[in-house]
Amino acid sequence: MDIGSLIVEDNERGTFRVHRSVMTSEEILALERERIFDRCWLYIGHESELQKPGDYRRRDVAGRPLIFIRGKDGIVRVFHNSCTHWGAKVCRLDQGNAETFQCFYHAWTFNNLGQLVGIPDAAAYPRDFDRAALALKTPPKLDNYRGLYFVSFNPGVEPLLDYLAGAREYIDLILDQAETGMRVVAGTQLYTVRANWKLLATNSLDTYHAPPLHTTYFNYMAKFKGSDYETETRASALRAGGLGRSLGNGHGVGESAMGGMARPIAHWHPMFGDNAKAEIARVRARIVERFGEERAWRMCDTFRLFLIYPNFVFHDVMAITIRYFEPVAPDAVRITVYALAPNEESKEQLDLRLNNFVSFLGPGGFAHPDDLEAIESCQDSFRSREVEWSDFSRGLRRDPELMDELPIRAFWRQWHAQIMGHQKAARVDDLPLAGNGRALAAK
Amino acid sequence: MANEGNGRTSGTITPELEREVERFITMEAALLDEWRLEEWLELFTDDARYWVPATDLPEGRAGETLGLIDDDIVRIRARVERLLSRHAHAEYPWSRTRRLVTNMRITGLDGDEIRASASFLVYRIRNRHVDPYIGHYEYVFRRTGGELKIRSRTAILDLEVLDPNATVSFIL
C-alpha cells in the first residue's frame with residue numbers, strides 16, 4: 001500500500017479525493033492507533049464530573065482502561081486501571097468516590113493519589129522493596145483547557161494550548177454561555193456503529209447532508225406555530241450566513257444562523273412553548289450584558305458543529321453535546337455522548353435543553369439515526385473495492401460557504417500527514433483562491 | 001422501580017384487571033411488530049409521555065437527566081409520521097422486530113391510574129444483523145371512558161451500551 005497516494009488533491013481541477021481503503025484496512029487502523037491516537041491529545045472528561053476529592057470516573061481512551069480522578073489533594077489525575085502487581089482492575093465501578101482502591105485479586109491497596117499504600121504479608125518482600133515505583137501508572141501527559149481534560153500517551157506532544165490552536169476561540173464561545181461554569185448532565189448516550197470512525201468524524205462536521213438526510217426533523221419543527229414567530233424557511237436558514245472554517249491542526253467548524261431550530265441559550269422557537277419565552281429573553285439579555293450585542297448574537301442565534309481533531313466533537317446546536325469516539329475495528333466505532341449545561345440554568349430550562357437535545361440528536365432522535373444509517377451504508381458499500389475514491393471537493397475553488405467541505409479537508413490533510421509519520425500537516429487549509437488556476441501541486 | 005407498598009394504592013388488583021392489562025400489552029406488541037403505528041397512536045392519552053433513559057442511568061428521570069427518547073404526545077405522533085414516511089432513512093425499509101413481552105404484573109393502583117411493568121426482549125432484524133434489545137417496560141395506564149389508555153410508557157434497557165445496536169430508531 002502506498003500511503004502517500006491515499007489522498008489526492010488537485011487544485012487545478014478543484015478535486016480532493018480520499019481512497020476508500022482508509023476506511024476498511026486493518027493496516028491503516030494499526031497506523032492510526034500508533035501515529036494518531038498514541039500521539040495526539042485526546043479528550044478524557046470534564047472537571048464537573050469530579051466535584052469532590054476522591055470522585056472518579058472510569059474512561060476508555062485510545063483503548064486503555066483509565067481512571068479519571070480527583071485526589072484527596074484536589075488535583076485531577078489519570079491512572080491506568082491496572083494493578084501494578086498482576087494487573088486486575090483496581091477500580092470496578094464506572095463512577096463513584098473512593099479514598100482507596102483495593103485490588104480484589106491480592107488486596108494490594110492504592111490511595112486516590114495512586115500511591116501503593118498496602119501490601120498484605122509485606123514481610124514476604126525485601127525491606128527496601130520499591131513501593132513508589134509500583135504506584136498506579138499515569139499516562140505521560142494530562143492537561144486541561146477551561147475544565148476540559150485531555151490526556152496524551154506521547155511524552156513529546158506539543159502543549160495543549162498550542163495543539164488546540166484556533167479551536168480555543170470556539171471552546172470559549174461555548175463555555176462562556178455559562179456564567180457559573182458548565183456541568184455534565186447525568187445520563188450518557190453510549191453506542192457503537194458499524195462504520196469507520198472517520199466517517200463519523202466527517203459526518204460530525206458536515207452540513208451539506210442536512211436538507212436531504214434530516215427532512216423529517218425539519219418537518220417536525222415546522223409543525224409548531226408560534227404566536228409571533230417569524231419562521232425562516234429551512235433552506236434560507238441553512239444556507240444564509242454560514243461558514244465552514246479550518247482551525248488549525250485538523251480542527252474545524254461549521255457555523256451558521258439558527259433558523260427553524262430552538263436553542264436553550266437563547267433562541268426561542270415555538271416548540272419551547274410561550275411559557276418559556278420570558279426566561280429565554282432573560283437569559284439572552286444577560287448574555288448581551290456580559291458580552292455585547294454582537295457576540296451575544298453569535299452565542300445565541302448561531303450554531304456550531306465543531307471538531308477537535310481527531311475524535312472530539314462539540315455540537316453547539318439544539319443543546320451542547322460532547323461527543324467523543326474511537327475505533328474498535330476498521331468498521332466499528334464506539335461513541336460516547338453527553339450534555340453540558342450551565343450550572344445556573346433553571347430546572348425548566350434544563351428540561352427544555354434535554355428534551356431539545358434528544359429531538360434531533362442521539363440514538364433515538366429524529367436525525368442522528370439517519371446519520372448513522374448513512375455512514376453504515378457507506379461502510380457497507382466499500383465492499384465494492386472497485387469504487388476506489390470518495391470525493392470531498394465541494395467548495396475547493398470558491399470562498400467557503402457553510403455546506404462546503406473545507407473543514408473536512410482540513411481533517412483529512414492532518415490525518416494524512418500523521419499517517420505518513422509527520423507530527424502535523426505542513427498545510428491543513430485549502431490553498432488561497434488566488435492560487436487556483438496555477439499549477440500548485442498538492443504538498 | 002416498582003412502587004407497590006407506597007401505601008397509596010386504592011382498589012384491588014383483580015384477576016380480571018390483570019388479564020386486561022396483559023391483553024393490552026400483548027396487543028400493543030403486536031401492533032408494533034406489524035408496524036400498525038396509526039392504530040398504536042390510539043392507545044395514548046393526550047398527556048402521554050414516552051421515555052427511554054440512558055443505558056448508564058436506567059433510573060434517570062426525563063427533564064433532569066439525558067436519555068435517548070423523551071417524547072410528549074406531539075412528538076410521539078411526529079415520530080409515527082416520520083416512521084411512516086419514506087424519509088426516516090434509518091427505518092427505510094422498516095426493521096423487522098419481534099417482541100417477547102413477559103413477566104407482566106400490576107405494580108400499583110392510584111385513583112384512575114394503573115401502574116404495570118413487563119420484561120421485554122425485542123429483536124431487531126435489519127441489514128442481515130440481529131440486534132437484541134433487553135429490558136423492561138414501566139407503564140402508567142389511565143382508564144378513560146371505560147378504556148385503558150397509556151399515560152406513560154418507559155422502556156428501560158438492561159444493555160450497558162447500544163452495542164452493536166447503535167440506534168433506537170424504531171418504537172422500542
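Residues numbered from 1 in each chain as written. Chains lettered and ligands numbered in written order. Predicted model: local features only at pLDDT ≥ 70, side-chain atom pairs only at ≥ 80, totals over all residues.

*Asks:* It is not clear to me how the overall build of chain B should be interpreted in this structure. Could you clarify?
*Replies:* When its secondary structure is counted, chain B shows 3 helices and 6 strands. Secondary structure of chain B in N-to-C order comes out as α-α-β-β-α-β-β-β-β. Relative to a compact globule of 172 residues, whose C-alpha radius of gyration would be 16 Å, chain B shows 16 Å and is just as compact. Overall, chain B is about 50 × 35 × 30 Å in size when its C-alpha atoms are taken along their principal axes. (Helix = DSSP H or I, 4+ residues; strand = E, 2+ residues; numbered from the N terminus. Rg over C-alpha atoms; globule rule 2.2 N^0.38 Å.)

*Asks:* Any chance you could explain helix α11 (residues 406-419) of chain A here in plain terms?
*Replies:* One turn of an α-helix holds 3.6 residues; hence residues three or four places apart share an orientation. Residue and element names in this part refer to chain A. Compared with an ideal rise of 1.5 Å per residue, which puts 14 residues at 20 Å, α11 spans 20 Å between its outermost C-alpha atoms and is within 8% of the ideal. The buried fraction of α11 amounts to 13 of the 14 residues, a majority that puts the element mostly inside the structure. Positive backbone phi, approximately 100 degrees, marks Gly421, located one or two places after α11. (Expected span 1.5 Å × (residues − 1). Buried ≥ 20, exposed ≤ 12 C-beta atoms within 10 Å, placed from the backbone.)

*Asks:* What should I look at first to understand unusual backbone geometry in this one?
*Replies:* Trans peptide bonds make up the majority, and among non-glycine residues the majority have a negative phi. Cis geometry marks the peptide bond from A:Ile265 to A:Ala266, where omega comes out at -20 degrees. Locating A:Ala266 in the fold gives a position in the loop between β16 (252-257) and α8 (277-301). B:Tyr92 connects to B:Pro93 through a cis peptide bond whose omega is -5 degrees. On the secondary structure map, B:Pro93 appears in the loop between α3 (73-84) and β3 (96-110). Not every positive phi belongs to a glycine, and A:Ala107 is a case in point at roughly 70 degrees. Along the polypeptide, A:Ala107 turns up in the loop between β8 (100-102) and β9 (109-111).

*Asks:* I would appreciate a short explanation of the interface of chain B and chain A in the present structure.
*Replies:* Residue-level contacts link 30 residues of chain B with 33 residues of chain A. Every element with two or more residues in the side of chain B that touches chain A is listed here: β1 (44-53), β2 (67-72) and α3 of chain B. Here the element with the most residues in the side of chain B that touches chain A is β2(B); it accounts for 4 residues. By residue class, the composition of the side of chain B that touches chain A is 15 nonpolar, 10 polar and 5 charged. (Contact = placed C-beta atoms within 7 Å. Nonpolar A, V, L, I, M, F, W, Y, C, P; charged D, E, K, R; others polar.)

*Asks:* For this particular structure, what's the right way to read the domain arrangement of chain A?
*Replies:* For chain A, the assigned domains are domain 1 (46-152) and domain 2 (176-419). On a C-alpha basis, the centres of domain 1 of chain A and domain 2 of chain A stand 34 Å from each other. (Domains from an automatic or database assignment.)

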